[in-house]
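# Descriptive analysis of the structure
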Protein chains: 2
Amino acid sequence: MFIELDLQSDTPIYAQLIDQLIGGIASGELKPGDPLPSVRSLAEDLGINLHTVNKSYNLLKQEGYLQVHRKKGVIVQPDGMPGITDDFLEKLRHQMRSLAAAAAIRGMSEEEFAQESRAVYRTAIKNRGGEQQ
Amino acid sequence: MFIELDLQSDTPIYAQLIDQLIGGIASGELKPGDPLPSVRSLAEDLGINLHTVNKSYNLLKQEGYLQVHRKKGVIVQPDGMPGITDDFLEKLRHQMRSLAAAAAIRGMSEEEFAQESRAVYRTAIKNRGGEQQ
């Protein structure tokens, strides 16, 4: 999987890495049980700090998207992805609120905002094939 | 307007402040031409650094949400809010992509995601009254 980081961005690197990995799982590029590079090798490949990769992996593990095995290393969660928890919904709504507010100020209607969200959803899962809902 | 910052959050303070001010404009709590506190007084009220408030104000000014006058001080853009630019759409889609990916992984359907986006949009503009689209 190709990981692209923007070192000029205001979004911290660990958060960008999380976004890319979640994006890879959603699109089907990363499948349950797939191995991920070790912390050390991913840090070297991306030219970023070990601790940054470690932080991303740990947060993804905490949320249930990854498993970390002593032997197998880091793998994509093979035992079912996390569901729609209250925590997740709260975070989703909070982050979406900022986007909706800016869109509304700029004159985007509720309908257009919903259409954008549908289009983006379809793009996010575009390679998942039969798996998608 | 009441501004609430989460000092424990991973979102930088300047970005939280931007979100809150954009939220206030979207909801109608802040109206075109309304004065905002000076950098110094807002920094003191919130217990944050002058430079942080300055960064938020400058970014909001650059995007066209605020005007900074030598005499009037900082005011909410009175001459029409910025529109839906390509830059804005790109940023919106990029940020929405991460949310959609996580939602899809967790089993939220496209329809549910669109419904969430509509509900959030309505909440964001909920006090705008006749102004809303």
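As the structure is a computational prediction, the values presented were derived from the model and not from experiment. (Residues numbered from 1 in each chain as written. Chains lettered and ligands numbered in written order. Predicted model: local features only at pLDDT ≥ 70, side-chain atom pairs only at ≥ 80, totals over all residues.)

## Description of the overall build of chain A
Note the following rule: Labels follow the DSSP assignment, with helices taken as runs of H or I lasting at least four residues and strands as runs of E lasting at least two, numbered in each case from the N terminus. Residue burial is a threshold on neighbouring C-beta atoms within 10 Å of the residue's own C-beta, all placed from the backbone, with 20 or more meaning buried, 12 or fewer meaning exposed, and counts in between meaning partly exposed.
The helix and strand inventory of chain A stands at 5 helices and 2 strands. Scanning chain A from its N terminus toward the C terminus, one meets helices and strands in the order α-α-α-β-β-α-α. Burial status across chain A gives 32% buried among its 133 residues.

## Here's the deal with the interface of chain B and chain A
Cut-off, in case you're wondering: We call two residues in contact when their backbone-placed C-beta atoms lie within 7 Å. Basically, the charged four are Asp, Glu, Lys and Arg, the nonpolar ten are Ala, Val, Leu, Ile, Met, Phe, Trp, Tyr, Cys and Pro, and anything else, Gly included, counts as polar.
In this assembly, 42 residues from chain B lie in contact with 42 residues from chain A. Of all elements in the fold, only α1 (13-27), α4 (86-105) and α5 (110-124) of chain B reach the threshold of two or more residues within the side of chain B that touches chain A. Ranked by the residues each element gives to the side of chain B that touches chain A, the list is headed by α4(B), at 14 residues. By residue class, the composition of the side of chain B that touches chain A is 24 nonpolar, 9 polar and 9 charged.

## Some details on the relation of the copies chain B and chain A
The following threshold applies: Least-squares fitting of one copy onto the other uses the C-alpha atoms of those residues that reach a pLDDT of at least 70 in both copies.
With an RMSD of 0.0 Å, chain B superimposes on chain A once it is rotated by 180° and translated 0.0 Å along the axis. Taken together, the turn and the small shift mark the pair as related by a two-fold rotation axis. Across chain B, the rotation axis passes nearest the C-alpha of Ala114(B), at a separation of 2.6 Å.

## Points about α4(B)
Residue pairs spaced three or four apart in an α-helix point in one direction, given the helix's 3.6 residues per turn. Here is the rule: To estimate the expected span of a helix, count its residues, drop one, and scale the result by 1.5 Å.
Here α4(B) spans 28 Å end to end across 20 residues, near enough to the 28 Å set by a 1.5 Å rise per residue. Every buried residue of α4(B) is accounted for by Leu92(B), Met96(B), Ser98(B), Leu99(B), Ala100(B), Ala101(B), Ala102(B), Ala103(B), Ala104(B) and Ile105(B). Considering only its buried residues, α4(B) is in contact with α1 (13-27), α4 (86-105) and α5 (110-124) of chain A together with α5 of chain B. Downstream of α4(B) by one or two residues, Gly107(B) has phi in the positive range, about 95°.

## A word on the packing of α1(B) against helix α3 (residues 50-63) of chain B
All names here are of chain B. Which entries qualify depends on this criterion: Interaxial angles span 0 to 180 degrees and are taken between N-to-C directions of axes, which are lines fitted to C-alpha atoms, for helices over the stretch in contact. Here the angle decides the label: under 35 degrees means roughly parallel, over 145 means roughly antiparallel, 65 to 115 means roughly perpendicular, and every other value means oblique. Two helices crossing with the near one rotated counterclockwise from the far one by less than a right angle form a left-handed crossing, whereas a clockwise rotation gives a right-handed crossing.
Contact geometry of α1 with α3 gives a least axis separation of 9 Å together with a crossing angle of 50°. In this view, α1 runs oblique relative to α3, as classed from their interaxial angle. When you trace α1 past α3, the crossing you get is right-handed. Touching Ile 13, Tyr 14, Leu 17, Ile 18 and Leu 21 of α1 are Thr 52, Val 53, Lys 55, Ser 56, Leu 59 and Leu 60, all from α3. Grouping the constituent residues of the contact of α1 with α3 by class yields 8 nonpolar, 2 polar and 1 charged.

## Remarks on the environment of Gln62(A)
Residue and element names in this part refer to chain A. In this structure, Gln 62 sits in helix α3 (residues 50-63). In this structure Gln 62 comes out as exposed when scored by C-beta crowding, with 10 C-beta atoms within 10 Å. C-alpha of Gln 62 to C-alpha of Ala 15: the two residues are 47 residues apart in sequence and 14 Å apart in space.

## So, the domain arrangement of chain A
All names here are of chain A. Basically, it comes down to this: Throughout, the edges of the domains are those of an automatic or database domain assignment.
On domain assignment, one finds that chain A holds domain 1 (13-76) and domain 2 (86-131). Distance from the C-alpha centre of domain 1 to the C-alpha centre of domain 2: 24 Å. Taken together, the 5 residues of domain 1 in the interface contact 7 residues of domain 2. Here the residues of the side of domain 1 that touches domain 2 are counted per class, giving 1 nonpolar, 3 polar and 1 charged.

## So, the pairing of strand β1 (residues 66-69) of chain B
Residue and element names in this part refer to chain B. Formally: For two strands to pair, DSSP has to find at least two bridges joining them.
Sheet topology places β1 next to strand β2 (residues 73-76); 4 bridges connect them, and they run antiparallel. Bridge pairing links Val 68 to Val 74 in β2. The turn joining β1 and β2, which pair antiparallel and follow one another in sequence, is formed by 3 residues.

## Some details on the packing of α4(A) against α4(B)
Contact geometry for α4(A) and α4(B): axes closest at 11 Å, N-to-C directions at 155°. By the angle between their axes, α4(A) is roughly antiparallel relative to α4(B). Considering only the axes of α4(A) and α4(B), their crossing is left-handed. Contact residues: Leu92(A), Gln95(A), Met96(A), Leu99(A) and Ala103(A) in α4(A); Leu92(B), Gln95(B), Met96(B), Leu99(B) and Ala103(B) in α4(B). Of the residues contributing to the contact of α4(A) with α4(B), the split by class is 8 nonpolar, 2 polar and no charged.

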